[in-house]
Amino acid sequence: MFKNRQVREKAIRMAFFASATVSIVVLSLIIVFLFMEGVPIFKDVPITKFLFGRSWYPTSDPPDFGIFPLLMASMAVTMLSAALAIPLGIMTAIYLAEIATPRVRQLFKPVVELLAALPSVVIGFFGMVVVAPFLQETFNLATGLNLFNASLMLAFMAVPTITSISEDAIYSVPIELKEASLALGATHWETIFRVIVPASLSGLSTAIILGMSRSIGETMVVLMVAGGAALVPTSLFDPVRPMPASIAAEMAEAPFRSDHYYALFAIGMVLFIFTLGFNLIADHIAQKHKQVGAATL
Amino acid sequence: MRQEPPKESIIGAPNYHRVSGPSSGQEKLSSLPVSGLDQAAALRGRRQLAQTGMFGLFRLAVLINGLALVIILAFLLYNGVGAINWTFLSEAPRDSMTKGGILPCILGTFLLSFGAMIVAFPWGVASAVYLHEYAHPGLAVRVIRMGINNLAGVPSVVFGLFGLAFFVTWLKLGVSILAGALTLGALILPVIIGTAEEALRAVPATYREASLALGATKWQTIYRVVLPAAFPGMLTGSILGISRAAGETAAIMFTAAVFFTPRMPSSILDPVMALPYHIYVLATAGTAIEATRPLQYGTALVLIALVFGMNLIAIIYRARLQKKY
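Residues numbered from 1 in each chain as written. Chains lettered and ligands numbered in written order. Predicted model: local features only at pLDDT ≥ 70, side-chain atom pairs only at ≥ 80, totals over all residues. Heavy atoms only, no water.

**Quick look at the confidence of the model for chain B**
Residues and elements named next belong to chain B. Rules: Per residue, pLDDT captures the predictor's confidence, and it can take any value from 0 to 100. Only DSSP runs of H or I covering at least 4 residues are called helices, and only runs of E covering at least 2 are called strands; the numbering of each starts at the N terminus. Contacts between residues were defined by any pair of non-hydrogen atoms, one from each residue, lying within 4.5 Å.
Scored by pLDDT, chain B has a mean of 85; 88% of the residues are at 70 or more. Confidence scores differ between elements of chain B, with helix 1 (residues 6-20) showing the lowest mean pLDDT of 41 and helix 7 (residues 156-170) the highest of 95. Taken together, the stretch residues 1-30 has pLDDT below 50 and engages in 26 contacts with residues farther than four places along the chain or on a different chain. Note on the complex model: pTM 0.87, ipTM 0.91.

Next up, the structure:
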């Protein structure tokens, strides 16, 4: 009977191991099916022409499947939103982790969590009906649905991600480092700037990369407020069509397993490779520069 | 950007003490010229000023966050509250969606998000139990964690494409509640795993040790002691998962949601309307975008109320749980 018990324990352990691989299985399935439906486009359109082709006219005859404008639009909104979200997110994290009194923290921590919970379609809607008319009137533009508006909305989606990961990183800085710095006569700000931020740099980088990864993949916001013109942006206020917007807007009208359908899946592949890259870099940084104890600085 | 050259602060530090404590007997300090004292005082002032200025900026950053949330909420409340009445909540859309209510959308969102939870919860909890209770650090754990992290980073529209290719087309489920719930289930899996693991971490090691010392096996310990103690925390995580799934749009666009369906779903293989998709459709592709603004505000308000309600419950519940341990 004792032996039975051991066998059963082993079987249960194996069952849990099998269940734990579900994430890997799902991720593999995503890769397989994305490539299965995306790769056929490269039979008709060479991969370099697909990536660097300057015109995206999927429904004209003959169609053009060059995603360069979409790629540039995605890069532009991601970079711009990062430029807005990184300082805001990290400053918020430092404030919450280092400066705020427990009561202020208790009040603002849920604020950040609720910001993170805002459905993207609602942010997109807000960008459409409030920010767009405002931008249009203030800057006298043809349309308020543009690169700048989309970046602004994306920044607000990226801030909670950046804040919560940075906050964890700052918390894990050993208290000894902070005490040593203060004991040497540094002010609190000097301690933050010269000791705490450098010591948590790997965590902060992870936060930034994951925030950017979220921005590049975010769909509803760019679908609703980016303007939708498949042009390489030349100014802040150009309407653009980032990659996720193209997929979401065109999938419904693309005939099943047509070149257009394959091309949209291929865009999905590009998007997936981007976010996978971001995540692997973040993972690498987190592993290589792990914050362990006081000896790491 | 440096606030001040490091040289100054090294010289400045001892002077600083001299200013506040004149009784210092150190030769080096007392032999400093008077101008050094002035310099030190000025330096201290500058350092304090730098701190006050930067802290002010930090405060501003937090306030911007708070303001953003308040503005969005106030805006939706102000514009949306007028649209909400019993008809709006209890009827189907009429006259090509320019009048009537959003009951089918509420129902659809409810079915999709709870469906996603039913799919993801068992897998997520099992993964967390393996990672936290069984696994030893090593290659297997590293690979599994990498899988979870990467899954969490996959854009929702890519989940939508995956759902379309795999559930809708390959498994022949069609555009349906089932396909949508499975897609959303995959999407919220990392959320469930993360919160379930956190809940397991909160169970004191003494619980496990006591159970094992009484002769229970590992599985008995997990099943009878650890899981019951961790269950409330896991429930919190599942609420967050449901709220995430309820607000998701891109993942259900190709897998479950339709513009309009005249009848309520009668099986899980029927397509549905959903709140987030309804907002998108009305705001961008409806027959009368301007005329249906009140409906859009109302729908957005209902969605936000749903999502925030669940999040607030989770936040409050979690705070109470944390007090317990």
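**Let's talk about the environment of A:Ile94**
We apply this condition: Relative accessible area decides the class of each residue, using a 1.4 Å probe on protein chains only: under 20% of the type maximum gives buried, over 50% gives exposed, and in between gives partly exposed.
Along the polypeptide, A:Ile94 turns up in helix 5 (residues 68-99). Taking the relative accessible area as the measure of exposure, A:Ile94 reaches 6% and is therefore buried. As a C-alpha pair, A:Ile94 and A:Ser166 span 72 residues in sequence and 7.9 Å in three-dimensional space. Those residues within four positions of A:Ile94 in sequence are excluded, and the remaining contacts are A:Ile99, A:Ile170, A:Ile192, A:Val197 and B:Phe58.

**Some points on the nonpolar core**
Inclusion rule: As used in this record, nonpolar core signifies buried Ala, Val, Leu, Ile, Met, Phe, Trp, Tyr and Cys residues forming a set joined through side-chain atoms within 4.5 Å.
Counting residues in each nonpolar core, the largest one holds 193 residues, and the members touching the most others are A:Ile30, A:Phe50, A:Phe125, A:Ile267, B:Leu76 and B:Tyr280. Per-element tally for this core: the top contributor is helix 5 of chain A, with 15 residues. Apart from residues lying up to four places away in sequence, B:Tyr280 is in contact with A:Val121, A:Met220, A:Leu223, A:Met224, B:Met253 and B:Ala285.

**Observations regarding a nonpolar patch on the surface**
As a reminder, the rule being used: Within this analysis, patches are made of residues with over 30% relative accessible area and no salt bridge. Like charges are joined at 9 Å or less; nonpolar side chains (Val, Leu, Ile, Met, Phe, Trp, Tyr) at 5 Å or less. Accessible surface is estimated by sampling points in the Shrake-Rupley manner with a 1.4 Å probe; for residues, cover comes only from the protein chains shown. Just to be clear on terms, a salt bridge is a Lys or Arg side-chain nitrogen sitting within 4 Å of an Asp or Glu carboxyl oxygen.
On the surface, B:Leu107, B:Phe110, B:Leu111, B:Phe114 and B:Met264 cluster together to form a nonpolar patch covering roughly 400 Å² of accessible area. Locating B:Met264 in the fold gives a position in the loop between helix 11 (250-253) and helix 12 (275-284).

**Details of the interface of chain A and chain B**
Operational definition: In short, buried area is how much 1.4 Å probe accessible area vanishes from two parts on joining, totalled over both. What qualifies as a polar contact is a pair of N or O atoms within 3.5 Å, subject to a donor-acceptor requirement within protein and to the restriction that residues adjacent in sequence count only when both atoms come from side chains.
In this complex, chain A contributes 76 residues to the contact, which on the side of chain B involves 86 residues. Buried surface at the junction of chain A and chain B, summed over both partners, amounts to about 7,500 Å²; 76% is from carbon and sulfur atoms. Three residues, A:Phe16, A:Phe125 and A:Trp189, lead the burial of chain A against chain B; their summed loss comes to 10% of the area buried on that side. Across the contact surface, chain A and chain B share 3 salt bridges. For the salt bridge of A:Glu190 with B:Arg47, the shortest nitrogen-to-oxygen distance reads 2.8 Å. Counting across the chain A and chain B interface gives 12 residue pairs in polar contact (both at pLDDT 80 or more). For the side of chain A that touches chain B, the element with the most residues is helix 14 (residues 259-288) of chain A, which contributes 12 residues.

**A few points about the packing of aromatic side chains**
The line we're drawing: Pairs were defined over the aromatic rings of Phe, Tyr and Trp, the Trp ring being its six-membered one, requiring ring centres within 6.5 Å. Orientation was assigned from the angle between planes: stacked under 30 degrees, edge-to-face over 60, tilted for the rest.
On inspection of all chains with the given rule, the structure shows 27 aromatic pairs over all chains. Taking the centre distance of 5.5 Å and the plane angle of 65° together, the rings of A:Phe125 and B:Tyr297 count as edge-to-face. Residue A:Phe125 is located in helix 7 (residues 120-138), and its partner B:Tyr297 is located in helix 13 (residues 293-324); the two belong to separate chains. The exposure classification of A:Phe125 matches that of B:Tyr297, with both residues buried. On the numbers, 5.6 Å between centres and 65° between planes, the contact of A:Phe148 with A:Phe237 is edge-to-face. Here the residue A:Phe148 occupies a position in helix 8 (residues 147-171), and A:Phe237 occupies one in the loop between helix 12 (220-225) and helix 13 (243-250), the gap between them amounting to 89 residues. Taking the relative accessible area as the measure of exposure, A:Phe237 reaches 23% and is therefore partly exposed. Joined through ring pairs, the aromatic side chains of A:Phe33, B:Phe162, B:Phe166, B:Phe167 and B:Trp170 make up one cluster.

**Some details on the pattern of salt bridges**
Scanning all chains against the criterion turns up 12 salt bridges over all chains. Here A:Lys178 ties to A:Glu98 by a salt bridge, and the two come within 3.2 Å at their closest N and O atoms. Placement of A:Lys178 in helix 9 (residues 175-183) and of A:Glu98 in helix 5 is noted, with a sequence separation of 80 residues between them. Judged by relative accessible area, A:Glu98 falls into the buried class, the value being 14%. Taking the shortest distance from any N to any O, the salt bridge between B:Arg201 and B:Glu197 comes out at 3.9 Å. Remark: B:Glu197 and B:Arg201 occur in helix 8 (residues 177-201); sequence separation between them is 4 residues, near one turn of the helix. Each member of the salt-bridge network shares a partner with another, and the members are A:Arg105, A:Lys109 and A:Glu167.

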